[in-house]
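Geometric and topological summary
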Amino acid sequence: MPDERRRRWSRPRGERGYFLIKADRVEDDAWMSQPEAARHLGIALARVGMLIANGHLTPAESPAGRAGVTTFSVEAEKTWRANASIRAKSLRFLKDTINWF
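Report follows, based on the coordinates. Being a predicted model, the structure only gives us computed values, none of them experimental. (Residues numbered from 1 in each chain as written. Predicted model: local features only at pLDDT ≥ 70, side-chain atom pairs only at ≥ 80, totals over all residues. Heavy atoms only, no water.)

A closer look at the packing of helix H4 (residues 71-83) against helix H5 (residues 86-99)
Axis separation between H4 and H5 bottoms out at 8 Å; the angle between their running directions is 125 degrees. Judged by the inter-axis angle, H4 sits oblique to H5. In this structure, H4 contributes Glu77, Trp80 and Arg81 to the contact, and H5 contributes Ala88, Lys89 and Arg92. Grouping the amino acids of the contact of H4 with H5 by side-chain chemistry returns two nonpolar, no polar and four charged. (Axes fitted to C-alpha atoms, helices over the stretch in contact; angles between N-to-C directions. Helix = DSSP H or I, 4+ residues; strand = E, 2+ residues; numbered from the N terminus. Parallel < 35°, antiparallel > 145°, perpendicular 65-115°, else oblique. Contact = heavy atoms within 4.5 Å. Nonpolar A, V, L, I, M, F, W, Y, C, P; charged D, E, K, R; others polar.)

A few points about a nonpolar patch on the surface
The grouping of Met50, Trp100 and Phe101 at the surface amounts to a nonpolar patch, some 420 Å² of accessible area in total. Structurally, the position occupied by Trp100 is in the segment after H5. (Patch = residues over 30% accessible without salt bridge, like charges linked within 9 Å, V, L, I, M, F, W, Y side chains within 5 Å. Areas by Shrake-Rupley, 256 points an atom, 1.4 Å probe, with all protein chains shown as cover. Salt bridge = Lys/Arg side-chain N within 4 Å of Asp/Glu carboxyl O.)

In structure tokens, the structure reads:
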């Protein structure tokens, strides 16, 4: 019985989605996996999760039900990182830190 319940509630790691965060289902060309987004932005995978939690990246679900982010939000983040001043980056860091409390 416990094994049946476990199979019902847990999916394979690659198929897990967002349970606490609302994620819209988007087309394949508008979706990017979190590891792919981390490589594209040149940051650690954990930082992608923090960017999602702070609202800088938009969570999305692929047509197959896989969790990720929208390519538009990744491109917007990449552009912001390239053009933001040190002051803007510092203020964003401070704001994000305060929002965690």
